[in-house]
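Overview (structure and organization)
One-letter residues, chain by chain:
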Amino acid sequence: MIDRVGSTCAGRVAAIGAGAALTASLPLTFPADGGPTELDSVVPDNTVSAGLAQVLVTPSNAPVVVALLLAACAFFALHRQWWRAVTMLVVPEVALVVNTWLLKPLWDRQLDDHLAYPSGHTVHMVAVATTFACLVTDLRTRIAVATLTVLALIAITPAMAELGYHRPTDVLGGAAAAASMAIGLCWISDALHARRAA
């Protein structure tokens, strides 16, 4: 049992550290003018048509993400897992606030008239998915959520570039930041719940 707990803690620390390291290291590759990097050129902004881009970007649109967030909260509430329902509601919103008010101004990457890094749409989407995956206990569900999230990221990356919303590194940094914050915040929630139950 102790080995399992230690392994879980080590896994969480590794995931949080990897996400934070990737989020912090990507800006080191940004040109002085905040323009595209070599990694951004891997996915040029004409990879998909504008019409298709509007469809592909749908998973990261706020109404869709909020609907998924509320559905996830309802899932835990229906199972009378109230602490998880509250955690599900709070964690993605905290991650979004931290990204908007701390991370974006910190790196100050301008794209047209907005701060682009890390992508807020990506942070919100991935934070919802990661929080649900952290809170749900069924392994198959976790794998399904992870797979769908990766597929969504593959879809939205060229779409964001085509529409001029974000560069690919903004999306990658957003996904890394969201996963790191969501895992860390869920860990804090677990600790608070365990302390409250003791």
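Residues numbered from 1 in each chain as written. Predicted model: local features only at pLDDT ≥ 70, side-chain atom pairs only at ≥ 80, totals over all residues. Heavy atoms only, no water.

**A few points about the overall build of the protein**
Check the secondary structure of the protein and you find 7 helices and 2 strands. Traced from its N-terminal end to its C-terminal end, the protein shows the element sequence α-α-α-α-β-β-α-α-α. Scored against the burial criterion, the 198 residues of the protein give a buried share of 39%. In the protein, of all internal contacts separated by at least 6 residues, the share reaching a separation of at least 24 is 77%. In the structure as shown, the protein presents an accessible area of about 10,700 Å², 69% of it carried by carbon and sulfur atoms. Across the protein, 11 positive and 13 negative side-chain charges occur, with their mean positions spaced 20 Å apart. (Helix = DSSP H or I, 4+ residues; strand = E, 2+ residues; numbered from the N terminus. Buried < 20%, exposed > 50% of the residue type's maximum accessible area, 1.4 Å probe, protein only. Contact = heavy atoms within 4.5 Å. Areas by Shrake-Rupley, 256 points an atom, 1.4 Å probe, with all protein chains shown as cover. Lys, Arg positive; Asp, Glu negative; His and termini not counted. Charge placed at Lys NZ, Arg CZ, Asp CG, Glu CD.)

**Comments concerning the confidence of the model for the protein**
Here the protein averages 93 in pLDDT, while 96% of its residues score no lower than 70. Segment residues 1–6: pLDDT under 50, and 0 contacts once partners within four positions in sequence are set aside and those in other chains are kept. (pLDDT = per-residue confidence, 0-100.)

**Quick look at the packing of aromatic side chains**
Evaluated as defined, the whole model comprises 5 aromatic pairs. Here the aromatic rings of Phe 75 and Phe 132 are separated by 5.6 Å at their centres, their planes lie at 70 degrees, and the arrangement is edge-to-face. Here the residue Phe 75 occupies a position in helix H3 (residues 62–78), and Phe 132 occupies one in helix H5 (residues 120–135), the gap between them amounting to 57 residues. Judged by relative accessible area, which is 33%, Phe 75 ranks as partly exposed. Ring plane angle 80 degrees and centroid distance 5.6 Å describe the contact between Trp 107 and Tyr 117, whose orientation is recorded as edge-to-face. Taken together, the residues Trp 107 in helix H4 (residues 82–107) and Tyr 117 in the loop between strand S2 (114–115) and H5 connect sequence positions 10 residues apart. A residue is classified by how much of its surface remains accessible, and Trp 107, at 24% relative accessible area, is partly exposed. Of the aromatic side chains, those joined through ring pairs into one cluster are Phe 30, Trp 107 and Tyr 117. Cation over ring: Arg 109 sits above Phe 30, and NZ or CZ is 3.7 Å from the ring centre. (Phe/Tyr/Trp six-rings, centres within 6.5 Å; stacked < 30°, edge-to-face > 60°. Lys NZ or Arg CZ within 6 Å of the ring centre and 35° of its normal.)

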